[in-house]
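Single-letter residue listing:
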There are 2 protein chains.
Amino acid sequence: MDNQKTLQNLMEAFAGESQANRKYSAYSKKAEAEGKKNAAKLFKAASDAEILHAQKHFEVAGKIMSTVENLNDAIKGENHEYQSMYPEFLKVAQEEGNQAAVRTFTYALKAEEVHARLYKEALENIEQEEEVFYYLCPVCGNIEKVVPEKCPICGVPGTKFIKY
Amino acid sequence: MDNQKTLQNLMEAFAGESQANRKYSAYSKKAEAEGKKNAAKLFKAASDAEILHAQKHFEVAGKIMSTVENLNDAIKGENHEYQSMYPEFLKVAQEEGNQAAVRTFTYALKAEEVHARLYKEALENIEQEEEVFYYLCPVCGNIEKVVPEKCPICGVPGTKFIKY
Ligand SMILES: [Fe+2]
Ligand SMILES: [Fe+2]
Ligand SMILES: [Fe+2]
Ligand SMILES: [Fe+2]
Ligand SMILES: [Fe+2]
Ligand SMILES: [Fe+2]
């Protein structure tokens, strides 16, 4: 167990790199909108660089297991988010009167509940050969197996959903 | 300042969503490699869903500023990583004899130093209209403005670099 601290550091670095990846991607879009094309490109290239760092740290930490184990891990994470984390964050946002936060937390909470259910189904059907299709709502992150007329979570028309 | 706790929660949710995004992407590749195509698709769709959540939380937290401010924020982050975080993690990994961790921390440390330098240059040249090209090393995350014969950090041939 004398490797313990490094495993912890790998996961802390993974957390930092994952956030840098998403942050630079947001900054790249902002630079694009401002017409700062060179900055937009640099943010994009660095965003992709942080993906490489995050992926390698995660791998070296031994976190990529079998798909069955990975599905169980994903279910655990989604359950935590929709059963504990988001309900608490939502309550505080309502108390503090931050309507934009109420909306983003609500969308995430409802979408995570769907993710948890779909991961459980995928686990039960792990040996199924027949191809399944998934449709992602590009606004709230909801995922459906049949395109709905409108997203039941955020109301976006089904025609906007992305097929997987 | 009665919005303080929600702003903190938005950033905690951003951290969780960013990591879920990267984790599911790794799990998707693993499922693909195992021939579990449906699980691979679900992990990919959920990975993309977490991008939407992360982006919206970050936005609502008010973290997307002007490109000049965003570049300064990026420089601060890169400096912290290559001057403090990675040197410390690297030292511990060497002490604990984890060679794979030594390698991934070394690549990241050296790449972050380059990122910091390029962000500073981009800030100095923020009004420059002439297009700049960036080339990303697909192994270590190094970024160059001219394709090298071999990556000075990891040795990958320049032909593998990705143009931005
Ligand atoms: Fe990095
Ligand atoms: Fe989720
Ligand atoms: Fe939706
Ligand atoms: Fe999410
Ligand atoms: Fe970086
Ligand atoms: Fe490299």
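One can find the structure itself at the top, above this paragraph.
Read on for a plain summary of the structure. All residue numbers refer to positions counted from 1 along the written sequence of the respective chain. Going through the entries in the order they are written, you letter the chains from A and number the ligands from 1. Whole-chain, interface and lining totals are the exception, using all residues; otherwise, since this is a predicted model, local features are given only for residues with pLDDT of at least 70 and side-chain atom pairs are given and counted only at 80 or more. Derived side-chain values reflect all non-hydrogen atoms in the structure, with water molecules and hydrogen atoms excluded from consideration.

### Let's talk about the packing of aromatic side chains
Okay, so step 1: Centres within 6.5 Å make a pair out of two Phe, Tyr or Trp rings, where for Trp the six-membered ring is used; the pair is then stacked when the planes are under 30 degrees apart, edge-to-face when over 60, and tilted otherwise. The tally for this structure, following the rule as stated, stands at 18 aromatic pairs over all chains.
Okay, so step 2: Consider the rings of A:Phe43 and B:Tyr119, whose centres lie 5.2 Å apart with planes at 40°: the pair is tilted. One end of the pair, A:Phe43, is in helix H2 (residues 37-60); the other, B:Tyr119, is in helix H4 (residues 99-124), on a second chain.
Okay, so step 3: Accessibility expressed as a relative area gives 1% for B:Tyr119, which makes it buried. In this description a helix means any DSSP run of H or I spanning at least four residues, a strand means any run of E spanning at least two, and both kinds are numbered starting from the N terminus. The buried label applies to any residue whose accessible area, calculated with a 1.4 Å probe on protein chains only, is under 20% of its type's maximum; exposed applies above 50%, and partly exposed to all values in between.

### Some remarks on the relation of the copies chain B and chain A
Okay, so step 1: With an axial shift of 0.0 Å and an RMSD of 0.0 Å, the rotation relating chain B to chain A amounts to 180°. Seen this way, the second copy is the image of the first under a two-fold rotation axis. Taking C-alpha positions as the reference, the residue of chain B nearest the rotation axis is B:Ser18, at 2.7 Å. The copies were overlaid with a least-squares fit restricted to C-alpha atoms from residues scoring a pLDDT of at least 70 in each copy.

### What to know about the interface of chain B and chain A
Okay, so step 1: Taken together, the contact pairs 92 residues of chain B with 92 residues of chain A.
Okay, so step 2: In short, buried area is how much 1.4 Å probe accessible area vanishes from two parts on joining, totalled over both. Surface buried jointly by chain B and chain A totals about 7500 Å² across both partners, of which 61% is contributed by carbon and sulfur atoms.
Okay, so step 3: Throughout this description, the term salt bridge denotes a Lys or Arg side-chain nitrogen within 4 Å of a carboxyl oxygen of Asp or Glu. Between the two partners, chain B and chain A, sit six salt bridges.
Okay, so step 4: The partner of B:Asp73 in a salt bridge is A:Lys23, and the shortest N-O contact between them spans 2.8 Å.
Okay, so step 5: Polar contacts here mean pairs of N or O atoms no more than 3.5 Å apart (in protein, one a potential hydrogen donor and the other a potential acceptor; neighbouring residues in sequence count only if both atoms are side-chain atoms). Viewed at the interface, chain A and chain B are joined by 38 residue pairs in polar contact (both at pLDDT 80 or more).
Okay, so step 6: Counting residues per element, the ones that place at least two in the side of chain B that touches chain A are helix H1 (4-33), helix H2 (37-60), helix H3 (67-96) and H4 of chain B.
Okay, so step 7: When grouped by side-chain class, the residues that make up the side of chain B that touches chain A number 48 nonpolar, 20 polar and 24 charged. Residues are treated as being in contact if the distance between any of their heavy atoms lies within 4.5 Å. Note on residue classes: Ala, Val, Leu, Ile, Met, Phe, Trp, Tyr, Cys and Pro are nonpolar, Asp, Glu, Lys and Arg are charged, and everything else, Gly too, is polar.

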